[in-house]
Amino acid sequence: MPLLGSAGEFWEGLREKLIGQADLVRRAAPLLSRGGSITLTSGYFETPVRGSVPGHVINAGLEAFVYAAAPEMPSGVRLNAVSPGWVRETLRALGENPARGVPAAEVARAYVDLVEGTEHGLTLAVGAP
């Protein structure tokens, strides 16, 4: 494995997860009515592991985007992100120990709370130690 991940993986993650979600906000925000909400997905790793640099950089960039873009949103439109760790059900499906994951229902509740709440420019970590 190349140091800090392959260039292809890094650029693919930037394009799909970071730039893709930022572009979604850019296109969707002007179409939303006052009171509208956009909630993005970042994520976190409990500890850095070999090959996780792109994920750390992309998720941190997405969280910085939410923080910086919130004041630029059209009046009354809110922007937030949910940052889950490993989801318990995903770990189980991968044959990994599900005990270290956060239940999917808890992650879903975070999305509902942000969409229905009043927060703006917030990244909500779910299942963080």
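Quick caveat, the model's predicted, so the values are computed rather than measured.

> Help me understand the overall build of the protein in this model?
The helix and strand inventory of the protein stands at four helices and three strands. Order of helices (α) and strands (β) in the protein, N terminus to C terminus: α-β-α-β-α-α-β. Dimensions of the protein, computed from C-alpha atoms along their principal axes, come out at roughly 45 × 35 × 20 Å. Considering the protein as a whole, with its 129 residues, one finds that 33% of them fall into the buried category. For the protein, restricting intrachain contacts to residue pairs at least 6 apart in sequence, the fraction spanning at least 24 positions comes to 65%. The distance from the centre of the 11 positive side-chain charges to the centre of the 13 negative ones in the protein is 2 Å.

> Looking at this structure, I do not really get the environment of A110. What am I missing?
For A110, the position within the fold is in helix α4 (residues 104-116). Considered as a pair, A110 and R15 are 95 residues apart in the sequence and their alpha carbons are 25 Å apart. Ignoring sequence-local partners within four residues, the contact set of A110 consists of V82, L124 and V126.

> I keep staring at the sheet that holds strand β3 (residues 123-126) and nothing clicks. Help me out?
Either a parallel or an antiparallel arrangement is found when strands of a sheet pair, and the pairing is made through backbone hydrogen bonds. With parallel pairing, three strands are arranged side by side in an open sheet as β1-β2-β3. For this open sheet the edge positions go to β1 (37-41) and β3, each flanked by a neighbour on one side alone. Within this sheet the neighbouring strands show an average axis-to-axis angle of 25 degrees, counted without direction. Pairing geometry for β1 and strand β2 (residues 78-84), over five bridges, is parallel. By the bridge assignment, L40 is partnered in β2 with A81. Helix α1 (residues 7-28) contacts β1 and β2 of the sheet and is inclined by roughly 175 degrees relative to β1. Packed onto the sheet, helix α2 (residues 53-69) meets β1, β2 and β3 and runs at close to 160 degrees relative to β2.

> Could you clarify how one ought to interpret the nonpolar core in this entry?
Generally speaking, nonpolar side chains in soluble globular proteins are found buried as a group. Residues L18, V25, I38, L40, V66, M73 and L79 are the most contacted members of the largest nonpolar core, which totals 14 residues. Elements with a minimum of two residues in this core: α1, β1, α2 and β2. Here this core gets four residues from one element, more than from any other, and that element is α2. If we skip the residues at most four places from it in the chain, V25 touches P30, I38, L40, F65, M73 and L79. Residues V82, V87, A110 and V126 belong to the second largest nonpolar core, which totals seven residues.

> Looking at this model, I keep getting lost on the packing of α1 against α2. Mind explaining?
A pair of packed helices can be characterised by two numbers: the angle between their axes and the separation between those axes. Where α1 contacts α2, the two axes come as close as 9 Å, and the packing angle between them is 15 degrees. With respect to their mutual orientation, α1 and α2 come out roughly parallel. The interaxial crossing formed by α1 with α2 has right-handed handedness. Contacts between α1 and α2 involve F10, G13, L14, K17, L18, Q21, A22 and V25 from the first element and P54, V57, I58, N59, G61, L62 and F65 from the second. Along the lines of polarity and charge, the residues of the contact of α1 with α2 split into ten nonpolar, four polar and one charged.

> Would you mind going over the packing of aromatic side chains with me for this structure?
The description of an aromatic ring pair uses the distance of the two centres, along with the angle that the planes make with each other. Taken as a whole and judged by the stated rule, the model has one aromatic pair. On the numbers, 5.9 Å between centres and 85 degrees between planes, the contact of F10 with W11 is edge-to-face. The class for F10 is partly exposed, based on a relative accessible area of 23%.

Reading the values: the criteria
Residues numbered from 1 in each chain as written. Predicted model: local features only at pLDDT ≥ 70, side-chain atom pairs only at ≥ 80, totals over all residues. Heavy atoms only, no water. Helix = DSSP H or I, 4+ residues; strand = E, 2+ residues; numbered from the N terminus. Buried < 20%, exposed > 50% of the residue type's maximum accessible area, 1.4 Å probe, protein only. Contact = heavy atoms within 4.5 Å. Lys, Arg positive; Asp, Glu negative; His and termini not counted. Charge placed at Lys NZ, Arg CZ, Asp CG, Glu CD. Pairing = 2+ DSSP bridges. Axes fitted to C-alpha atoms, helices over the stretch in contact; angles between N-to-C directions. Core = buried A, V, L, I, M, F, W, Y, C linked by side-chain atoms within 4.5 Å. Parallel < 35°, antiparallel > 145°, perpendicular 65-115°, else oblique. Left-handed = near helix turned anticlockwise from the far one by under 90°. Nonpolar A, V, L, I, M, F, W, Y, C, P; charged D, E, K, R; others polar. Phe/Tyr/Trp six-rings, centres within 6.5 Å; stacked < 30°, edge-to-face > 60°.

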